Amino acid sequence: SMIADKAIFDVHYFKARSCEQLGQIALARSLLEAYVAAGNNTRWYYNALYRLGRILIKGQDQGEGLAMLERVRTESDRSALRTGASIQLGDYYAATDPERAIPYLDEAIKTAGPAKKNRLMIVLGKTCMRVKKYERAIDVFGLYLRENPFDAERDEINFLMARAYL
């Protein structure tokens, strides 16, 4: 039956996740590619697209990986996956094209959990500094300090904020 076939096919996705955790990235990639090629009517399609995109942006096929993460960000009906894709895109562009990272980081901060949100605020503040958006950096660092009054990163954030004022 069609349902049994789908359930068996889902095994590819879970095997790919195991391979990824074991560091067998090439095998994980080929399993994810096969799963994604079957189309977006499979249950774990956007999860697979997200994982495949993450693998690809770390290798030679960055453009393809970015396009996959962009699709997850805009098409998935799962908030956590959309947030994850925004985080991946924000981190990628923070390192390669800082100006382009800002909207992704802003988007991710709105929906990320507290620990991720804190890291993202630091990345966003530093990214704003790199593109000389000092007012914005000061706002982000100020928000971070208000939300985390006893944080271990306070000294670094105060230092960065002082630099932004210069």
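As the structure is a prediction and not an experimental result, all values here were calculated from the model. Counting starts from 1 at the beginning of each chain's written sequence and moves along it residue by residue. Reporting in this predicted model follows two pLDDT cut-offs: at least 70 for local features of residues, and 80 or more for side-chain atom pairs to be given and counted; totals over whole chains, interfaces and linings ignore these cut-offs and use all residues. Values shown for side chains rest on all heavy atoms present in the structure; no hydrogens or waters enter the calculation.

Asks: Provide a residue-level description of the overall build of the protein, including the pertinent values.
Replies: Within the protein one finds nine helices and zero strands. Only DSSP runs of H or I with at least four residues qualify as helices, and only runs of E with at least two residues qualify as strands; both kinds are numbered from the N terminus onward. Written out in order from the N terminus, the α and β elements of the protein read α-α-α-α-α-α-α-α-α. A principal-axis box enclosing the C-alpha atoms of the protein has dimensions of 65 × 30 × 30 Å. Here the term buried applies to any residue with accessible area under 20% of the maximum for its type, exposed to any over 50%, and partly exposed to those in between, with areas from a 1.4 Å probe on protein chains only. Looking at the protein residue by residue over its 166 residues, the buried ones come to 45%. Taking all contacts inside the protein whose residues are at least 6 apart in sequence as the whole, residues at least 24 apart take part in 43%. The sign given to each residue is positive for Lys and Arg and negative for Asp and Glu; His and the chain ends receive no count. For the purpose of locating charges, the reference atoms are NZ of Lys, CZ of Arg, CG of Asp and CD of Glu. Taken as two groups, the 25 positive and 21 negative side-chain charges of the protein have centres that lie 2 Å from each other. In what follows, residue pairs with any heavy atoms lying within 4.5 Å of each other are defined as contacts.

Asks: Report on the layout of surface pockets, specifying residues and quantitative values.
Replies: We place a 1 Å grid over just the protein atoms. Points where a 1.4 Å probe fits but has no way out form a cavity, open points with protein on both sides within 12 Å along at least 5 of 7 lines form a pocket, and any residue with an atom within 4 Å of a point lines it. Grid points are joined across faces, edges and corners, and a volume is the space filled by probe spheres set on the points. Empty space within the largest pocket amounts to approximately 170 Å³. For the largest pocket, the full set of lining residues is Tyr50, Ala80, Thr83, Gly84, Ile87, Gln88, Ala112, Gly113, Lys116 and Arg119. Where the lining of the largest pocket is concerned, the elements lending two or more residues are helix 5 (79-96) and helix 7 (114-130). With five residues, helix 5 is the largest single contributor of residues to the lining of the largest pocket. Residues are grouped as follows: Ala, Val, Leu, Ile, Met, Phe, Trp, Tyr, Cys and Pro are nonpolar; Asp, Glu, Lys and Arg are charged; all remaining types, including Gly, are polar. When its residues are assigned to classes, the lining of the largest pocket shows four nonpolar, four polar and two charged.

Asks: Explain the pattern of salt bridges residue by residue, including any values.
Replies: By salt bridge we mean one thing: a side-chain nitrogen of Lys or Arg within 4 Å of a carboxyl oxygen of Asp or Glu. Tallied over the full model, the rule gives 12 salt bridges. Note that Glu20 is salt-bridged to Arg54, the shortest N-O span being 3.2 Å. One end of the pair, Glu20, is in helix 1 (residues 2-21); the other, Arg54, is in helix 3 (residues 45-57), and 34 residues separate them in sequence. Overall, the relative accessible area of 14% leaves Glu20 in the buried class. Classification of Arg54 by relative accessible area gives buried; the value is 19%. A salt bridge links Glu147 to Lys117; the shortest N-O distance between them is 3.2 Å. Taken together, the residues Glu147 in helix 8 (residues 134-147) and Lys117 in helix 7 connect sequence positions 30 residues apart. Salt bridges linked by common partners bring Glu20, Arg51 and Arg54 together as one network.

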